[in-house]
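Geometric and topological summary
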Amino acid sequence: MVEGSASTTTAPPPRPFDPQGGGVDAERRHRSRAGTVSAVLVGAVVVGVLAGPWLERRFGLAALGAWRTLLVAIVMQGVPFLILGTAVSAAIGAFVPARVFSKVLPRNPVLAVPVAGAAGVVLPGCECASVPVAGSLMRRGVAPAAALTFLLAAPAVNPVVLVATAIAFPGQPEMVAARFGASLLTSVVMGWLWIRWGREEWLRLPTGHAEHAPGAGRLEAFRRGLEHDFLQAGGFLVVGAMAAATFNVLVPPSVLEAFSGSPWLGVLVAAALAVLLSVCSEADAFVASSFTGFSPTARLAFMVVGPMVDMKLIALQSGAFGRTFAVRFCAGTFVVAILCSVVVGGVLL
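What counts, and at which threshold
Residues numbered from 1 in each chain as written. Predicted model: local features only at pLDDT ≥ 70, side-chain atom pairs only at ≥ 80, totals over all residues. Heavy atoms only, no water. Helix = DSSP H or I, 4+ residues; strand = E, 2+ residues; numbered from the N terminus. Buried < 20%, exposed > 50% of the residue type's maximum accessible area, 1.4 Å probe, protein only. Contact = heavy atoms within 4.5 Å. Areas by Shrake-Rupley, 256 points an atom, 1.4 Å probe, with all protein chains shown as cover. Phe/Tyr/Trp six-rings, centres within 6.5 Å; stacked < 30°, edge-to-face > 60°. Salt bridge = Lys/Arg side-chain N within 4 Å of Asp/Glu carboxyl O. Core = buried A, V, L, I, M, F, W, Y, C linked by side-chain atoms within 4.5 Å. Axes fitted to C-alpha atoms, helices over the stretch in contact; angles between N-to-C directions. Parallel < 35°, antiparallel > 145°, perpendicular 65-115°, else oblique. Left-handed = near helix turned anticlockwise from the far one by under 90°. Nonpolar A, V, L, I, M, F, W, Y, C, P; charged D, E, K, R; others polar. Polar contact = N/O pair within 3.5 Å; in protein donor to acceptor, adjacent residues only side chain to side chain. Expected span 1.5 Å × (residues − 1).

Some points on the overall build of the protein
Each helix and strand counted, the protein has 16 helices and zero strands in total. With 349 residues in all, the protein has 46% of them scored as buried. In the protein, once contacts between residues fewer than 6 apart in sequence are set aside, the share between residues at least 24 apart is 81%. Only carbon and sulfur atoms are counted for the fraction: they give 68% of the accessible area of the protein, which is about 16200 Å².

As structure tokens, then:
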């Protein structure tokens, strides 16, 4: 039999999948842009800190000194935990095969959800890294509910985040316990809600994924992952620190007292700030501790909502799983996280 020309032509190998779309080239462009933006932000902070005393004398900007002090304090407290968290995340991506997760999770999705949530305690990762890990788990047969539970839990209940929270809130172990309990409860509830009401057509799974760049060893994959995660998360940390310092300097105490007088309003405002500021989970506790005008429950809501729903996560989830999924899942997570924060905060705080 004579084969057609289509069968004798060798098709080019498929391009590795990039959750943001566009393959390896798009991933490199995205990494380059993230590095450039982070470098600009860090440079701006350095210039602002060094030029601060001169600007204060030249223009009489007394408030700039307080802003500069708060900014440096938040960044310096958060950077060590940011480095540790991104290093652990990169190590997991480079050295731990994704199939390990599918072997340890129960086949029953209802039982797999709490196990996946608990796995976030021993397998830490930043929120940016949890999105591709969740997609990889689902492609290997892990129930979507369990993978999504891990996506929410890993950046929120891991030891690095809990230690950072303990240092940001010294002498307040109840805040650490409340963050752990509210975050774990939110992730498990969202997993069970997906089992009950989630639809397959909402979730667009990627068809392929390149765990490592072609020809790169595991050490090279670790280096690239660490570089990408740190540059990206470092930029968000600087933005969050700048916003938090600006908020503390410009917002009058009377405004915060108005929020304190209305517990629900304070919680809602803090949760909205968590979405907008997009602070990395390894550093958001230091930002939350600076919101002294908010109630403990409101600051808890900031720390619970942030690692699960923020602007960068909405964009990442839209690229990886589709906009339809991201809108529904992020909206549901936002509501559940607030409710869990209020319940746990009311009991422990």
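Let us keep going from here.
Thoughts on the packing of aromatic side chains
In the structure shown here, the tally under the stated rule is six aromatic pairs. Residues Trp194 and Trp202 carry aromatic rings whose centres are separated by 6.3 Å and whose planes lie at 65° to one another, so their mutual orientation is edge-to-face. Residue Trp194 is classed as buried on the basis of its relative accessible area of 13%. Summarising the aromatic geometry, the rings of Phe291 and Phe302 are spaced 5.3 Å apart at their centres and angled 85° between planes, so their arrangement reads as edge-to-face. On the criterion of sequence distance, the pair formed by Phe291 in the loop between helix H13 (284-289) and helix H14 (296-305) and Phe302 in helix H14 is long-range, its members being eleven residues apart. Of the two residues, Phe291 and Phe302, neither departs from the other in class, the shared state being buried. By way of ring pairs, the aromatic residues Trp194, Trp202, Phe321, Phe325 and Phe329 are connected into one cluster.

Thoughts on the pattern of salt bridges
Two side chains that carry opposite charge are able to pair once their charged atoms sit near each other. Applying the stated criterion across every chain yields a total of three salt bridges. One salt bridge connects Arg223 with Glu220, and the closest N-O pair in it is separated by 2.7 Å. Residue Arg223 and its partner Glu220 are located together in helix H10 (residues 218-250), separated by three residues, close to a single helical turn. Look at Glu220 and you get partly exposed, because its relative accessible area is 25%. Shared partners join several salt bridges into a network, and the residues in it are Glu220, Arg223 and Arg224.

Some thoughts on the nonpolar core
Of all hydrophobic cores here, the largest spans 76 residues; its most connected members are Val287, Phe291, Phe294, Phe302, Val305 and Phe321. Apart from residues no more than four positions distant in its own chain, Phe302 is found in contact with Ala270, Leu273, Ala274, Leu277, Asp284, Val287, Ala288 and Phe291.

With respect to the packing of helix H5 (residues 109-122) against helix H9 (residues 173-197)
The relative placement of two packed helices comes down to the angle between their axes together with the axis-to-axis distance. The contact between H5 and H9 brings their axes to 9 Å, and the two run at 150°. The angle between the axes of H5 and H9 places the two elements in the roughly antiparallel class. The way H5 lies across H9 gives a crossing that is right-handed. Taking contact as the criterion, the partners of Pro109, Val110, Val113, Pro114, Gly117, Ala118 and Val121 in H5 are, on H9, Phe180, Leu184, Val188, Gly191, Trp192 and Ile195. Here the contact of H5 with H9 is composed, by residue class, of eleven nonpolar, two polar and no charged.

What about the side chain of Ser341?
One can find Ser341 in helix H16 (residues 323-348). Ser341 sits in the buried class, given a relative accessible area of 0%. At 2.7 Å, the side chain of Ser341 forms a polar contact with the backbone oxygen of Ala337. Ignoring anything within four residues of it in the chain, the contact list for Ser341 reads Ala182, Thr297, Leu300, Ala301, Val304 and Gly346.

Regarding H16
The first and last C-alpha atoms of H16 sit 36 Å apart over 26 residues, in line with the 38 Å expected at 1.5 Å per residue. Buried residues of H16: Phe325, Ala326, Phe329, Cys330, Thr333, Val336, Ala337, Ile338, Cys340, Ser341, Val344 and Gly345, and no others. Of the surrounding secondary structure, the elements contacted by the buried residues of H16 are helix H7 (144-157), H9, helix H12 (263-277), H14 and helix H15 (311-321).

Focus: the packing of H7 against H9
The geometry of H7 relative to H9 is characterised by a closest axis approach of 8 Å and an angle of 165° between their N-to-C directions. By the angle between their directions, the pair H7 and H9 is classed as roughly antiparallel. Judged by the twist between their axes, the crossing of H7 over H9 is right-handed. Along the contact surface, H7 presents Pro144, Ala145, Leu148, Thr149, Leu152, Ala153, Ala156 and Val157, while H9 presents Arg179, Phe180, Ser183, Leu184, Ser187, Val188, Met190, Gly191, Trp194 and Ile195. Looking at side-chain class alone, the contact of H7 with H9 contains 13 nonpolar, four polar and one charged residues.

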